[in-house]
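Read off the chains here:
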Amino acid sequence: MVLFAMFDMPTNTKKDIKKYTKFRNKLLEMGFIMFQYSIYIRFCKSLAIAQKYEKKIELASPLNGSIRVIKITEAQYKNMLVIENYREKPEEKVVKQVQTVLVF
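Residues numbered from 1 in each chain as written. Predicted model: local features only at pLDDT ≥ 70, side-chain atom pairs only at ≥ 80, totals over all residues. Heavy atoms only, no water.

- Under an unreviewed UniProt entry, the name given to the protein is CRISPR-associated endoribonuclease Cas2, and the organism recorded is Malaciobacter pacificus.
- In its Cofactor (unreviewed entry) section, UniProt records this for the protein: "Mg(2+)". (UniProt positions renumbered as here; feature names shortened; annotations may be inferred.)

1. Section: the pairing of strand S2 (residues 33-36)
Stage number 1. Looking at chain direction, S2 and strand S3 (residues 39-43) are connected through three bridges and run antiparallel. Within S3, the position partnered with Ile33 by the bridge is Ile41.
Stage number 2. Joining the antiparallel neighbours S2 and S3 is a turn of two residues, in which Ser38 adopts a positive phi near 60°. (Pairing = 2+ DSSP bridges. Helix = DSSP H or I, 4+ residues; strand = E, 2+ residues; numbered from the N terminus.)

2. Quick look at the environment of Phe32
Stage number 1. By the element assignment, Phe32 lies in the loop between helix H1 (14-29) and S2.
Stage number 2. Since its relative accessible area comes to 3%, Phe32 is described here as buried.
Stage number 3. In this structure, the C-alpha to C-alpha distance between Phe32 and Leu3, residues 29 residues apart in sequence, is 8.7 Å.
Stage number 4. Ignoring anything within four residues of it in the chain, the contact list for Phe32 reads Leu3, Ala5, Leu27, Tyr40, Ile41, Arg42, Tyr53 and Ile57. (Buried < 20%, exposed > 50% of the residue type's maximum accessible area, 1.4 Å probe, protein only. Contact = heavy atoms within 4.5 Å.)

3. Let's talk about the environment of Tyr40
Stage number 1. Within the secondary structure, Tyr40 sits in strand S3.
Stage number 2. Sequence separation between Tyr40 and Met6 is 34 residues, and the spatial gap between their C-alpha atoms is 6.4 Å.
Stage number 3. For Tyr40, the side chain forms a polar contact with the side chain of Arg24, separated by 2.6 Å. (Polar contact = N/O pair within 3.5 Å; in protein donor to acceptor, adjacent residues only side chain to side chain.)

4. Describing the packing of aromatic side chains
Stage number 1. Throughout the structure, instances matching the rule amount to eight aromatic pairs.
Stage number 2. Summarising the aromatic geometry, the rings of Phe7 and Phe23 are spaced 5.2 Å apart at their centres and angled 85° between planes, so their arrangement reads as edge-to-face. Of the two residues, Phe7 is situated in strand S1 (residues 2-8) and Phe23 in helix H1; the sequence distance between them amounts to 16 residues.
Stage number 3. Under the relative-accessibility criterion, Phe23 is labelled buried at 2%.
Stage number 4. Taken together, the aromatic side chains of Phe4, Phe35, Phe43 and Tyr77 make up a single cluster linked through ring pairs.
Stage number 5. The aromatic ring of Tyr53 is capped on one face by Arg42, whose charged end is 3.9 Å from the ring centroid. (Phe/Tyr/Trp six-rings, centres within 6.5 Å; stacked < 30°, edge-to-face > 60°. Lys NZ or Arg CZ within 6 Å of the ring centre and 35° of its normal.)

5. With respect to the sheet that holds strand S4 (residues 66-72)
Stage number 1. Pairing in this open sheet of four strands is antiparallel, and the strands run S2-S3-S1-S4 from one edge to the other. The open sheet is flanked by S2 and S4, the only strands paired with a single partner. For this sheet, the mean inter-axis angle between neighbouring strands, taken without regard to orientation, is 30°.
Stage number 2. One ladder, built from seven bridges, connects S1 with S4; its direction is antiparallel. Residue pairing in the sheet places Phe4 in a bridge with Ile70 of S4.
Stage number 3. Set on the sheet, helix H2 (residues 47-60) makes contact with S1, S3 and S4; between it and S4 the angle comes to about 175°. (Axes fitted to C-alpha atoms, helices over the stretch in contact; angles between N-to-C directions.)

What follows is the structure, given as structure tokens:
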């Protein structure tokens, strides 16, 4: 089972940022890892364990903001399509340099 925690919280004031940071740190303490910005995942051995973490997230959630939690199976997770289209492609690393010397 893979548990996704997705959230959107205001960060306009120092107080908002503090609440955001506290919630994010709580997710990290629970064993979640950052999947993308504001999307964290945790692998769980069973449905019961995933439900336990859902309750923990609910208890840790601040009053403002929007949090969504979803469970999927590992088979569904492995079947995920990942598309990475960047505007600028990263430079290719040169693995081996070859130098040709012409002698006249």
